[in-house]
Amino acid sequence: MMLHLLLVGGWLLGCSRTSVAAFFFSPHPLPTTAATTTNAITAGASFIDSRHEAESAICRTTTALSSTLSKTACTRKYGRWTTRIASFSSSSCLFSAPATTDDTASSTTAASQKAPQAEIDRRRNLAIISHPDSGKTTMTEKLLLYGGAVQQAGAVRQKAEQRSTRSDFMEMEKERGISISSTVMNFDYNNYGIRLMDTPGHQDFSEDTYRALAAADNALMLLDGAKGLEPQTRKLFEVCRLRRLPLFTFVNKLDRPALTPYEIMDQIQDEFGLETHPVLWPIGDGESFKGVLDRMENTVHLYQRATQRGGKAEVVQVPLSDTDRLRELINDDVLLEKLLEDAEILDELIAPLDMERVLTGDQSPLFFGSAMTNFGVQLFLDKFCEMGAKPAGRIVRNKSENNNQQEGEESLIGPDHAEFTGFIFKTQANLDPKHRDRLAYVRVISGMYEKGMKVSHSRSKLAKKYNLAQAQALFGADRSSIEVAYPGDVIGINNPGNFAIGDTLFTGNTRVAFPGIPSFSPEKFAYIRSPNPSDYKSFRKGIDQLLDEGAVQALRQRNDDGGGPLMLAAVGQLQFEVVQARLLNEYNVESIMEPLSYSLARWVDAGWDAVDKADADGKLFGIMIVQDRWKRPVLLFRNDWKASSLAEEVAYLQLKPWSQPPDFDS
C-alpha cells in the first residue's frame, strides 16, 4: 500500500514510477537519483496546485520513512513550486507550508553571529609587496613550505624535477615567470590561522595589489638586498602608509652580493622616514652568507643549503655568547668579529622594539635572509605570528531602511561585532576552467560566516537576500569547502553576477557599506573584437567575466546598449595582453585589439547634463565622450595638460580620475 501511494502520488506530481521507486530503494539514493526525482517533481508540480489530497498522501508516507532517509524537499512559493535540499527529521514532511521569497525574507538572523574571541586572536593575514623580481613569489612558496602547507616548495622558473608555484597558476604567469593576479593561500601554523596574499609586482597590475592591501591587516615589504628600494616598492609603501598597516621588512637575496645592512636601513629612513628595528641580522652575504643573528633571543642560526631541491635548509643554533663554538662553525674570523661588533653597536644605538609603534606603521621590524636558500624564512614566520596585528575593524557608512540615520554616518565595526560583515576585494573567473565558475573573494570583517546563511548586499535592496550556500577556503587555484569562517579570513563565494569589487555583504537590519575600492585611472585604450563571427557568443561570455574581475574596464559610445564597438581601458599594456591570452586559453577565442591614441580618462561626477552644457559651449573639442558600464559619462584625453585645463576652466563638470560601482543598485 505504501509503495502504491508513493508511485501514484509521484505520478500526480509529474514523476515517473521508475524514478520514485529508485529514489526510495536504491542503495545510494541521494547522490544518484534524488536530483532526477527533484527535477521530475518540480516539473510536474506546476500543474497540480489544487491536488492537496495527493500532496497529503505523500506527506504521510514520507513521514513514516523519514527517520532513515534523507530526501529532497519542495516548498510552495506564492502558488508555484521551488526545490531545496533538506534533511528530514522524524517529524518532517515532503511538502511544507508556503515559504517567503528571498526578496521578502525576514532580515532577522540568529541570536548572534558574533565570532569567538579565541578564533579572532589566532588569525593573521599578510600581503606581500615588492618591486618585480625581488623574490616575492619564491618567498610565498617558502612560507608555505615552513608553514607545513606544502611538502616541496615550487619554483617560478622550475626545472624538470620541480613543480610550479602555488600562487602563479595561470598559463601566462607560468610562461613569463611573473605574477599577474593576487592569490590567497590559507594554512594553519603553530595554532595560528595564516592568510597569505601574494600580489603582482609589475606596475601594470598594481591595481590588483592595491585591492589585496585593502583586505590585509599586515604587509611584508620585500627588498632585493643588492638594489634596496626600487620604484614600485616606493609606490606600494605609500599605500601601506595611507592605511597605516603594520609593515614588516624582509631584505631578500642575501645569498648574492648585497648592500650593507646599514645602507638598507639608511635608505628606508631617508626616503620613507620610517624607523626600522633589526630583528634578524645577517652574517655575511653572497658566497660568505652563513646565517643570521636573532637579536630577540641572542641566538645565531647557521644554515646549510637544503640537500633536496625545494626542501628545507639545515640549521644549527648557537648562543651568541658561545664564541668558541661560533668560531668553529663560521670558520671565518673576520665574519665572527664583524658579527660581535655589529651586535654590540645595535644594542647600544638602535631604539628598542616598540609594538605600539609597529602596529600603527611607525616602526618596521627588519629581517635579513634568502628565500631561495631558505635562510631566515622560518624565523620570520615565527616572529610574524607573535608580532603581527590581529584582524582589525573597518569604518563603515550606516543607513537604515527607514532612513532614520543620516546618510554617510560613519562608525567602526570591529571583529567582535555581533553581525556578519565582509567586503569583496577581488573576483576571479575560471579557477576551475571545466565549470566556467566565477568566484568572489570576501574578507570577513566581523561575525561568523556559517554555511547556508543569508546576507544582504550593499548595492541591493535591504529586503533582498543572497544565500551563501557554500564558501571555500582558497589555496591558489585550489579550493576546499568550509562550514564556518571568522574575522580575518578570506573566503571564496560563488558570484552570481551581482557582486562587484568593493561591495559589502552583511546580516542584520541596518544597511552596511564599507568604503568602496576605486578603480585606477586607465592610461591605455583599445577597441577589441572577435575576428570570427561564429565565436561571438564565447567572446562575449569571456569578455563579460573578465570585466567582472576588474582586470580591465569597459567603455562604449554614449547610448550604446551593447551593439556597438567595445572599448577596453587599462592601466598598462600588459593588461591587454592578459585579456587576449585568457580569451584564447580559457575560452578558445581569438581577438583583435585596435589601440587608440588617448592616454587618460576622467569621470564626470556632475552627470550628462553637465557634459551636454560643456559640449554645447565648445569646451570638449578633441575630447572623446564615452560611457562606462553603468552608463556614467567618461571623457578621454590625449594628454594630462588638456585634462588639467578643462578641470580648471569648466569646474562644474567635477572631473575625477577614478571610478567605483554606484552606491545603490535597485
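Read on for an overview of the structure. (Residues numbered from 1 in each chain as written. Predicted model: local features only at pLDDT ≥ 70, side-chain atom pairs only at ≥ 80, totals over all residues. Heavy atoms only, no water.)

### Focus on the overall build of the protein
Inference 1: Within the protein one finds 19 helices and 35 strands.
Inference 2: Looking at the protein as a whole, 53% of its 666 residues are labelled buried.
Inference 3: By element, 50% of the accessible surface of the protein is carried by carbon and sulfur atoms, the whole surface being about 30000 Å². (Helix = DSSP H or I, 4+ residues; strand = E, 2+ residues; numbered from the N terminus. Buried < 20%, exposed > 50% of the residue type's maximum accessible area, 1.4 Å probe, protein only. Areas by Shrake-Rupley, 256 points an atom, 1.4 Å probe, with all protein chains shown as cover.)

### Details of the sheet that holds strand β12 (residues 299–304)
Inference 1: The strand order β10-β11-β12-β13 describes an open sheet built from 4 strands, whose pairing is antiparallel. The open sheet has two edge strands with one neighbour each: β10 (280–283) and β13 (314–319). Averaged over neighbouring strand pairs, the angle between their axes works out to 25° when direction is ignored.
Inference 2: Two elements, strand β11 (residues 291–294) and β12, share 4 bridges in a ladder whose sense is antiparallel. When the bridges of β12 are listed, V292 appears paired with H301.
Inference 3: Helix α12 (residues 323–330) contacts β10, β12 and β13 of the sheet and is inclined by roughly 150° relative to β13. (Pairing = 2+ DSSP bridges. Axes fitted to C-alpha atoms, helices over the stretch in contact; angles between N-to-C directions. Contact = heavy atoms within 4.5 Å.)

### Examining the nonpolar core
Inference 1: Ranked by internal contacts, the top residues of the largest apolar core, which has 91 residues, are M139, F380 and F425.
Inference 2: No other element matches the 7 residues that helix α15 (residues 377–387) contributes to this core.
Inference 3: Once residues within four sequence positions are removed from consideration, M139 is found in contact with L220, L222, F250, A371, V377 and F380. (Core = buried A, V, L, I, M, F, W, Y, C linked by side-chain atoms within 4.5 Å.)

### Comments concerning the pairing of strand β30 (residues 566–570)
Inference 1: Burial within β30 is extensive, with 5 of its 5 residues counted as buried.
Inference 2: Neither face of β30 is open: one carries L566, L568 and A570, the other M567 and A569, and all of them are buried.
Inference 3: When strand β28 (residues 524–529) meets β30, the two strands line up antiparallel, connected through 5 bridges. Looking at β30, one finds that K524 is bridged to A570.
Inference 4: Two strands pair when backbone bridges link them, and strand β29 (residues 553–557) and β30 are joined in this way by 3 bridges, in the antiparallel orientation. Of the residues in β30, the one forming a bridge with L555 is M567.

### Considerations on helix α10 (residues 231–243)
Note on helix geometry: an α-helix contains 3.6 residues per turn, so any two residues three or four positions apart are oriented the same way.
Inference 1: The end-to-end C-alpha distance of α10, which contains 13 residues, comes to 19 Å, matching closely the 18 Å that a straight helix rising 1.5 Å per residue would cover.
Inference 2: For α10, every residue scored as buried is listed here: Q232, T233, L236, F237, V239 and C240. Projection of α10 onto a plane perpendicular to its axis shows the buried side chains occupying an angular sector of 160°, all on one side.
Inference 3: The elements touched by buried residues of α10 are β4 (123–130), α9 (206–215), β7 (219–224), β8 (247–252) and α11 (261–272).
Inference 4: Within two residues after α10, R244 carries a phi angle of roughly 55°, on the positive side. (Expected span 1.5 Å × (residues − 1). Arc of directions from axis to C-beta.)

### Section: the packing of aromatic side chains
Inference 1: Within this structure, the stated rule accounts for 14 aromatic pairs.
Inference 2: Taken together, the aromatic side chains of F248, F250, F367, F380 and F384 make up a single cluster linked through ring pairs.
Inference 3: If you follow K426 out to its NZ or CZ, it ends over the ring of Y441, 5.7 Å from the centre.
Inference 4: Just above the ring of W630 sits the side chain of R629; from NZ or CZ to the centre is 5.1 Å. (Phe/Tyr/Trp six-rings, centres within 6.5 Å; stacked < 30°, edge-to-face > 60°. Lys NZ or Arg CZ within 6 Å of the ring centre and 35° of its normal.)

### With respect to the packing of helix α16 (residues 536–548) against helix α17 (residues 573–587)
Inference 1: In the contact formed by α16 and α17, the axes pass within 10 Å of each other and the chain directions differ by 125°. When the axis of α16 is compared with that of α17, the two are oblique. The handedness of the crossing between α16 and α17 is right-handed. Contacts between α16 and α17 involve S538, F539, K541, G542, I543, Q545 and L546 from the former and V579, R582, L583 and Y587 from the latter.
Inference 2: A class-by-class count of the residues in the contact of α16 with α17 yields 6 nonpolar, 3 polar and 2 charged. (Parallel < 35°, antiparallel > 145°, perpendicular 65-115°, else oblique. Left-handed = near helix turned anticlockwise from the far one by under 90°. Nonpolar A, V, L, I, M, F, W, Y, C, P; charged D, E, K, R; others polar.)

### Regarding helix α7 (residues 136–146)
Inference 1: The element α7 is largely enclosed, with a buried count of 11 among its 11 residues.
Inference 2: Every buried residue of α7 is listed here: K136, T137, T138, M139, T140, E141, K142, L143, L144, L145 and Y146.

### Details of the environment of L302
Inference 1: Tracing the chain through its elements places L302 in strand β12.
Inference 2: Residues L302 and V316, spaced 14 residues apart in sequence, show a C-alpha to C-alpha distance of 5.2 Å.
Inference 3: Aside from chain neighbours lying at most four places away, what touches L302 is I283, K290, G291, E314, V315, V316, L326, L329 and I330.

### A look at the environment of Q267
Inference 1: Here Q267 is to be found in helix α11.
Inference 2: Counting along the chain gives 38 residues from Q267 to L229, while the straight-line C-alpha distance between them is 7.1 Å.
Inference 3: For Q267, the residues in contact, after removing those within four places along its chain, are K227, G228, L229, L259 and F272.

### Remarks on the environment of F499
Inference 1: Structurally, the position occupied by F499 is in the loop between β25 (490–494) and β26 (504–506).
Inference 2: As for F499 and I424, which are separated by 75 residues in sequence, their C-alpha atoms are 7.7 Å apart.
Inference 3: Excluding residues that lie within four positions of it along the chain, F499 makes contacts with I424, T427, A440, H457, Y466, I493, N494 and L505.

### Some thoughts on the side chain of R295
Inference 1: By the secondary structure assignment, R295 is in the loop between β11 and β12.
Inference 2: At 3.1 Å, the side chain of R295 forms a polar contact with the side chain of D347.
Inference 3: In this structure, R295 is in contact with H277, P278, V279, L346 and D347, ignoring residues within four places of it in sequence. (Polar contact = N/O pair within 3.5 Å; in protein donor to acceptor, adjacent residues only side chain to side chain.)

### Focus: the sheet that holds β28
Inference 1: Ordered by their spatial adjacency, 8 strands build an open sheet running β31-β28-β30-β29-β33-β34-β32-β35, and the pairing between neighbours is antiparallel. The open sheet has two edge strands with one neighbour each: β31 (592–595) and β35 (655–656).
Inference 2: Alignment of strand β32 (residues 600–604) against strand β34 (residues 633–637), held across 4 bridges, turns out to be antiparallel. Along β34, the bridge assignment pairs A601 with L636.
Inference 3: Along the sheet, α17 makes contact with β28, β30 and β31, crossing β28 at roughly 20°.

### Points about unusual backbone geometry
Inference 1: Of note, the phi angle at N331 is positive, near 60°, even though the residue is not glycine.
Inference 2: When its relative accessible area of 67% is taken as the criterion, N331 is described as exposed.
Inference 3: Backbone geometry at N559 places phi at a positive 70°, although glycine is not the residue there.

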